[in-house]
Amino acid sequence: MPGSDRARLWATLLLLVVTATWGSTFFLIRDLVETVPSADFLVLRFAVAALAMAVVFHRHIRTLPAAQLRFALILGAVYGGAQLLQTIGLEHTTASVSGFVTGAYVVLTPLIAALVLRDRVTRATWVAVLLATAGLAVLSLRGLSVGVGESLTLAAALLYAVHIVGLGRWSTAAQATGMACVQAAVISLVNLPAALPGGLTLPRGGGQWAALLYMALIAGAFALWAQTWAQAHMSATRAAIVMTTEPVFAALFAVLFGGESLTARMLLGGTLVLAAMYLAELGGRREQPRAPEVPAEALHHEGL
């Protein structure tokens, strides 16, 4: 297997581990978010992640080139804004609708990549995007009305798509660790204004602190590093399709550990998402090498 194909395969597997980690959080933090407000939780989660990464990887942060530092600051702000909008939107809509609308990034990502970066999106990739979207709808949609919550969540999905495209364009394997550290710190800071008015609420008891640490260190620090590294080896659209497996893993953990029953919707939706990922994987083997880096000035009209 050629080196580029091997790296792409490892990147796909690593991104699958990340999405499995994200999927596990729906079950693990159910009790935590009933006690700790969402903005407070996001501040604490990414502050802990940033602190832990700074202690372990301080050399990577100090040696981060100026360009990568600037990109990491932008991407952290975009991701932090997406998290905040999604959290506020969730207060005005159901979790299932929020999950589906957030998954719109799988459609928005190739659109942004094609329109802004002039990336070529193949027919097979568009088929994979449609399959993934259909799978998300089957897994999570129980009716949809467009209101404040749905609008805010769609804005969050747009920011997630921008983050995915930005990582695909700006991330490098060598600088993944330093960029992930900076992003974690910025995400925490972006959410701080929403958490400060009532004061930070801390978790209660060992179980909630364990959930927070898991979210910070595994689903936070590790996931940010892994996504940043993985996207240095694959296109943004392919990464977005792989990440739609998150609700599949969420349903799996809910059945295994959350006491939920396996349903036909879970099986059908999961099958469609996995079929989309398989199609994207086949398409990825025919991908051309990544285009050369575009000067930052060429991307200023993205509104970042």
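Look a little higher up for the structure.
Notes on the structure in this doc start here.

Right, let's get into the overall build of the protein. Looking only at helices and strands, the protein features 14 helices and zero strands. Overall, the protein shows an N-to-C arrangement of helices and strands of α-α-α-α-α-α-α-α-α-α-α-α-α-α. Counting across all 304 residues of the protein, residues that qualify as buried make up 48%. Within the protein, contacts between residues separated by at least 24 positions form 92% of all contacts whose residues are at least 6 apart in sequence.

Right, let's get into the nonpolar core. With 61 residues, the main nonpolar core has Leu15, Trp22, Phe41, Tyr105, Val106, Ile164 and Met243 as its most contacted residues. In terms of nonpolar packing, the next biggest core, distinct from the first, is built from nine residues, Leu64, Leu75, Met179 and Val186 among them.

For helix H3 (residues 38-56), spanning 19 residues, the distance from its first C-alpha to its last is 27 Å, which sits close to the expected 27 Å at 1.5 Å a residue. All of the buried residues along H3 are Ala39, Asp40, Phe41, Leu42, Val43, Leu44, Arg45, Phe46, Ala49, Ala50 and Met53. On its buried face, H3 sits against helix H2 (32-35), helix H4 (58-62), helix H5 (66-90), helix H10 (176-195) and helix H11 (205-230).

With that settled, consider the packing of H3 against H10. At a minimum axis distance of 8 Å, the contact between H3 and H10 shows a crossing angle of 150 degrees. Our classification of the angle between H3 and H10 gives roughly antiparallel. The way H3 lies across H10 gives a crossing that is left-handed. For the pair formed by H3 and H10, the contact residues are Ala39, Asp40, Leu42, Val43, Phe46, Ala47, Ala49, Ala50 and Met53 on the first element and Thr177, Ala180, Cys181, Ala184, Ala185, Ile187, Ser188, Asn191, Leu192, Ala194 and Ala195 on the second. Each residue belonging to the contact of H3 with H10 can be placed in one class, and the counts come to 16 nonpolar, three polar and one charged.

Okay, the packing of aromatic side chains next. Scanning the entire structure with this criterion turns up four aromatic pairs. Geometrically, the ring pair formed by Tyr79 and Tyr160 is edge-to-face, given 5.6 Å between the ring centres and 70 degrees between the ring planes. With Tyr79 in helix H5 and Tyr160 in helix H9 (residues 148-170), this pair connects stretches of sequence that are 81 residues apart. When sorted by exposure, Tyr79 lands in the same class as Tyr160, which is buried. Centre to centre, the rings of Phe222 and Trp225 are 6.2 Å apart; their planes meet at 40 degrees, and the pair counts as tilted. Pair noted here: Phe222 and Trp225 are both in helix H11, with a separation of three residues, about one helical turn.

Once that is clear, we can look at a nonpolar patch on the surface. On the surface, Leu51, Val55, Val56 and Phe57 cluster together to form a nonpolar patch covering roughly 390 Å² of accessible area. Here Val56 lies in helix H3. According to the relative accessible area criterion, Val56 is exposed, its value standing at 56%.

Rules behind the numbers
Residues numbered from 1 in each chain as written. Predicted model: local features only at pLDDT ≥ 70, side-chain atom pairs only at ≥ 80, totals over all residues. Heavy atoms only, no water. Helix = DSSP H or I, 4+ residues; strand = E, 2+ residues; numbered from the N terminus. Buried < 20%, exposed > 50% of the residue type's maximum accessible area, 1.4 Å probe, protein only. Contact = heavy atoms within 4.5 Å. Core = buried A, V, L, I, M, F, W, Y, C linked by side-chain atoms within 4.5 Å. Expected span 1.5 Å × (residues − 1). Axes fitted to C-alpha atoms, helices over the stretch in contact; angles between N-to-C directions. Parallel < 35°, antiparallel > 145°, perpendicular 65-115°, else oblique. Left-handed = near helix turned anticlockwise from the far one by under 90°. Nonpolar A, V, L, I, M, F, W, Y, C, P; charged D, E, K, R; others polar. Phe/Tyr/Trp six-rings, centres within 6.5 Å; stacked < 30°, edge-to-face > 60°. Patch = residues over 30% accessible without salt bridge, like charges linked within 9 Å, V, L, I, M, F, W, Y side chains within 5 Å. Areas by Shrake-Rupley, 256 points an atom, 1.4 Å probe, with all protein chains shown as cover. Salt bridge = Lys/Arg side-chain N within 4 Å of Asp/Glu carboxyl O.

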